[in-house]
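Close look at the chain arrangement
Spelled out from the first residue to the last, the chains are:
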Amino acid sequence: MKKLIITRGIPGSGKSTTLEKAKIKDFTISTDALRLLYESPIYLSNGRLSISKSVNGIIWPFLFDLMEKKMKSGATVVIDAVHPTVGDFKEYIQLAKKYNYEIACLDFTDVPTEYSEWNNQGRAEYAIVPEHAIKRFEAQIEESAPLPEHIKIIKVKANGDHLTELQN
């Protein structure tokens, strides 16, 4: 069956790194990569560089358009983004039904916050996500309803400074 793989987890939890290590980066559509295609890193009022979120209204429709084009051809599709709420999966579910795709979620929500914070601080300056944004994502994940049962959830956990376990 055709596969749609969606990551879920706070910034720094290891989503992009895991996709790279699993050698599926070439199948991946990343929201951060799309943001950087549309706009170079910007300077914030505190003088730090950051990936601009002002293009979110452009990149999400583009992501779904690109994803649908890939699905029409039957390609494996991987989406790399935070996806903190069950509502974030609505359009994916609709397209998966339309094109007869199985959905799997690489779920990083059990990765310890300390690991994610440490990993986030090790990124390039422009890619560091502010602590307040991480806290907001954590709260959204905590408050979110469970994902629908037809989505295969693969829990990813961290141990030390690298991810070591994928379990069904």
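Residues numbered from 1 in each chain as written. Predicted model: local features only at pLDDT ≥ 70, side-chain atom pairs only at ≥ 80, totals over all residues. Heavy atoms only, no water.

1. Remarks on the packing of helix α3 (residues 56-72) against helix α4 (residues 90-99)
For clarity, the threshold we go by: Angles run from 0 to 180 degrees between N-to-C directions of axes, and those axes are lines fitted to C-alpha atoms, restricted for helices to the stretch in contact. Put simply, DSSP H or I for four residues or longer makes a helix, DSSP E for two residues or longer makes a strand, and each gets a number counted from the N terminus. Here is the rule for angles: anything less than 35 degrees is roughly parallel, anything more than 145 is roughly antiparallel, 65 through 115 is roughly perpendicular, and the remaining ranges are oblique. We call a crossing left-handed when the near helix sits turned anticlockwise from the far one by less than a right angle, and right-handed when that turn is clockwise. We call two residues contacting when some pair of their heavy atoms lies within 4.5 Å.
Closest axis-to-axis distance for the α3/α4 pair is 10 Å, and the angle between their directions is 20°. The angle between α3 and α4 falls in the class roughly parallel. For the crossing formed where α3 meets α4, the hand is right-handed. Of the residues in α4, those touching α3 at Trp60, Leu63, Phe64, Met67, Glu68, Met71 and Lys72 are Glu91, Tyr92, Leu95, Ala96, Lys98 and Tyr99.

2. Things to note about the pairing of strand β5 (residues 77-80)
Walk down a regular strand and you will see the side chains alternate between the two sheet faces. Our working definition: Note on classification: 1.4 Å probe, protein chains only; a residue is buried when its accessible area is under 20% of the maximum for its type, exposed when over 50%, partly exposed between these limits. Note: two strands are recorded as paired if DSSP finds a minimum of 2 bridges between them.
Of the two faces of β5, the one lined by Val77 and Ile79 and the one lined by Val78 and Asp80 are each fully buried. Bridging between strand β1 (residues 2-8) and β5 involves three bridges; their strand directions are parallel. Bridging across to β5, Leu4 finds its partner in Val77. Examined bridge by bridge, strand β2 (residues 28-30) and β5 share three bridges and lie parallel to one another. What sits directly across from Ile29, in β5, is Ile79.

3. Digging into the nonpolar core
Generally speaking, soluble globular proteins have nonpolar side chains that are buried together. To be explicit about the condition: In plain words, nonpolar cores are sets of buried Ala, Val, Leu, Ile, Met, Phe, Trp, Tyr and Cys residues tied together by side-chain atoms within 4.5 Å.
Counting 23 residues, the largest nonpolar core has Leu4, Met67, Met71, Ile79 and Tyr92 as its most contacted members. Counting only elements with at least two residues in this core, the list comes to β1, α3, β5, α4 and β6 (101-107). Not counting chain neighbours up to four residues away, the residues in contact with Tyr92 comprise Leu4, Ile6, Trp60, Leu63, Phe64, Met67, Ile79, His83 and Ile103. Of all hydrophobic cores here, the second largest spans eleven residues; its members include Val78, Leu106, Tyr115 and Val156.

4. Some thoughts on the pairing of β1
Judged by how many residues are buried, β1 sits mostly within the fold: five of seven residues are covered. Here β1 pairs with β6 via seven bridges, running parallel. For Lys2, the partnering residue across the bridge sits in β6 and is Tyr101.

5. Focus on the side chain of Thr31
Residue position: Thr31 is located in helix α2 (residues 31-38). Not counting the four nearest positions on each side in its chain, Thr31 is found in contact with Ile59, Trp60, Leu63, Asp80 and Ala81.

So, to be careful, I would describe these as geometric facts and stop short of saying anything about function.
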